[in-house]
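In case you want the letters, here they are:
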Amino acid sequence: VKYLGDMISVDGQHKLNIKERENKGVGAVCQVMSMLKELSLGYYYFNIGLLLRDTNVINSILYNSEIWNGLTLEQVKLLENVVLMYFRKLFEAHSKTAIEAFYIESGKMPIKMIIKVRRLMYWWHLNNVKQTSLIQQCYKALKSSPVRKDWVHTLENDKREFNINLDDDDIKTISKYKFKKLVKSSAMNKTVQYLSNLKKTRMYGSESATGLPNNF
């Protein structure tokens, strides 16, 4: 069943949803690259290309991602591969180009970090809407009956990973701008660690060829 742009499965898994987002992402990549080839952008080619990466490719893949939970490493890799395909086309890079090189050169965050940032920002939103709103009631219900790997459990993991020691009451006293700045700063620090791990993985090998940690 499709609801508000997401494929909803009876087993609660994201397999169908991720597959559809992957296909949409590939379509967005082809559309953007076709657009870039038709335009004469000169020195602004890469700047515009990176901007379109955020507005067209990332948003086509990750809309509603702030409410996702229980993603597997394989599913994250599928979405990440779409972005890497775009980078390789944009920079006309070899298929063996190191993954970390794309993120260092572009200054962008990987998919896994973007999802976590969006989830944390949605947490701020949940705590700054009316207490009688439907999403606030759903959030309270999730908190009152926690289940392993549910949205609240995933949120708590994100907070620990980003060293955000705030609760619902604390978050209500912080402006959106200040909290977003805090989250993005933590995300960029984690991205640096992630890229360092990718390099070590490529040089020395590990149990994950993508460099993705097993606790995503």
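Residues numbered from 1 in each chain as written. Predicted model: local features only at pLDDT ≥ 70, side-chain atom pairs only at ≥ 80, totals over all residues. Heavy atoms only, no water.

Observations regarding the overall build of the protein
Regarding its fold elements, the protein presents nine helices and two strands. For the protein, the α and β elements follow one another from N to C terminus as β-β-α-α-α-α-α-α-α-α-α. Burial analysis of the protein (216 residues in total) assigns 43% to the buried set. Relative to all contacts within the protein whose residues are 6 or more apart in sequence, the contacts with residues 24 or more apart total 69%. Approximately 12500 Å² of the protein is accessible, and the part contributed by carbon and sulfur atoms is 56%. (Helix = DSSP H or I, 4+ residues; strand = E, 2+ residues; numbered from the N terminus. Buried < 20%, exposed > 50% of the residue type's maximum accessible area, 1.4 Å probe, protein only. Contact = heavy atoms within 4.5 Å. Areas by Shrake-Rupley, 256 points an atom, 1.4 Å probe, with all protein chains shown as cover.)

Quick look at the pattern of salt bridges
One side chain can pair with another of opposite charge once the charged atoms of both are near each other. Under the definition given, this model contains nine salt bridges. Among the salt bridges present, the one from Glu 161 reaches Lys 116, with a minimum N-O distance of 3.0 Å. Pair noted here: Glu 161 is in helix α7 (residues 151-161) and Lys 116 is in helix α5 (residues 111-126), with a separation of 45 residues, a long-range link. Taking the relative accessible area as the measure of exposure, Lys 116 reaches 3% and is therefore buried. Glu 156 is the partner of Lys 159 in a salt bridge, and the nearest nitrogen-oxygen pair spans 3.4 Å. One end of the pair, Lys 159, and the other, Glu 156, are both in helix α7, three residues apart, so they sit about a helical turn from each other. Linked through salt bridges whose partners overlap, the residues forming this network are Lys 112, Lys 116, Arg 119, Asp 158 and Glu 161. (Salt bridge = Lys/Arg side-chain N within 4 Å of Asp/Glu carboxyl O.)

A look at the environment of Ile 104
Mapping Ile 104 onto the fold places it in helix α4 (residues 99-106). Sequence separation of Ile 104 and Leu 195 is 91 residues, and the distance between their C-alpha atoms is 8.3 Å.

A short note on α5
Between its terminal C-alpha atoms α5 stretches 22 Å, which fits the 22 Å expected from 16 residues at 1.5 Å a residue. In terms of burial, α5 is a largely internal element, 14 of the 16 residues being buried. (Expected span 1.5 Å × (residues − 1).)

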